[in-house]
Amino acid sequence: MFKNIAVIGGGNLGQSIVNGLLAKDYNPSNITVTRNKTEHLDSLKAKGVIILNNNIEAVKNTDIIIIAVKPYKIKEVLLQIDPYISNNAIIVSVVSDFSIENISKSLKSKITIIRAMPNTAASVNESMTCLASLNASEKELEEVADIFNSLGSTLVINEQLMDAATVLGACGIAYVLRFIRGMIQGGIEIGFDAQTATKIATQTVRGATELLIKNGNHPEAEIDKVTTPKGCTIAGLNEMEHSGFSSALIKGIKTSFDNISK
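Okay, so let's go over this structure. This one's a predicted model, so the numbers in the text were calculated from it and none came from an experiment.

Next up on the list: the packing of aromatic side chains. Counted according to the given criterion, the structure contains two aromatic pairs. Both rings, one in Phe2 and one in Tyr26, keep their centres 4.7 Å apart while their planes meet at 65 degrees; by these two values the pair is edge-to-face. Note that Phe2 is positioned in the segment before strand S1 (5-8) and Tyr26 in the loop between helix H1 (12-23) and strand S2 (31-34), a separation of 24 residues in sequence. Judged by relative accessible area, Tyr26 falls into the buried class, the value being 14%. Ring centres of Phe179 and Phe245 lie 6.1 Å apart, and the angle between their planes is 55 degrees; on these two criteria the pair is classed as tilted. With Phe179 in helix H7 (residues 162-189) and Phe245 in helix H11 (residues 245-260), this residue pair connects regions lying 66 residues apart in the sequence. Judged by its relative accessible area of 36%, Phe179 is partly exposed.

Now the structure itself:
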């Protein structure tokens, strides 16, 4: 039996979550998505998803309410929907930098609150979603994990690490894509057309990821298998490191974390 799910905020992340659920054959009539400009959700409407511009109507008789609005809007939305939330409902917030304590203070309802941080790869069922809660039962965590497992993989963490999870898992999508873009540009410079360079780069990144996941090795162990004395691989890696490759990535991650934690 499908749970009734309401996604409050049909932006990029909200739509990614819904598209991921639909790709796993979730019943579209059990999903409601809200957005002020509902015309931006026509593609979901065509798939049978219920589309509304009324948050209050969306949360009535809903089992799981996923809050996917911008951080500056969440308190207003919580105050708006609070009187209409079922006592048995679960609030799942995918809003960054808004703690469970802040969510609880915004609600008179004493209901289960779970924070979740997926990424936009949810739309292709390859998200890494971190979950945290202070009052969810094991069963409730499993129910929410089941939703996000249909979008990729989930991991339950301490809420104190949610900002770090946002940077590494959600912002991380952009970091990896920027790295792939650099590979593609390099591929073009050494002779490939853009389409061919893209195919080679994306499959290479996929292959590298699978090596780590399936073999369970540290990245350096797999790098050692590719590098040979005086070879082209080690020459390229060393040049990248001389230019600050790893350092730039670490600094970028730390800067994002410092920004989100202000």
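Moving on, there is more to tell.
This part covers helix H8 (residues 194-215). Across its 22 residues, H8 extends 31 Å between first and last C-alpha, which sits within 8% of the 32 Å expected from 1.5 Å per residue. Along H8, the residues classified as buried are Ala197, Ala201 and Val205. The buried side chains of H8 occupy one side of the element, clustering within an arc of 60 degrees when seen end-on. Opposite its buried face, H8 presents the exposed residues Gln195, Lys199, Arg206, Ile213 and Lys214, each directed more than 90 degrees away. The elements touched by buried residues of H8 are H7. The backbone nitrogen of Gln195 lies 3.1 Å from a side-chain oxygen of the residue at the head of H8, namely Asp193.

Calculation criteria
- Residues numbered from 1 in each chain as written.
- Predicted model: local features only at pLDDT ≥ 70, side-chain atom pairs only at ≥ 80, totals over all residues.
- Heavy atoms only, no water.
- Phe/Tyr/Trp six-rings, centres within 6.5 Å; stacked < 30°, edge-to-face > 60°.
- Helix = DSSP H or I, 4+ residues; strand = E, 2+ residues; numbered from the N terminus.
- Buried < 20%, exposed > 50% of the residue type's maximum accessible area, 1.4 Å probe, protein only.
- Expected span 1.5 Å × (residues − 1).
- Arc of directions from axis to C-beta.
- Contact = heavy atoms within 4.5 Å.
- Polar contact = N/O pair within 3.5 Å; in protein donor to acceptor, adjacent residues only side chain to side chain.

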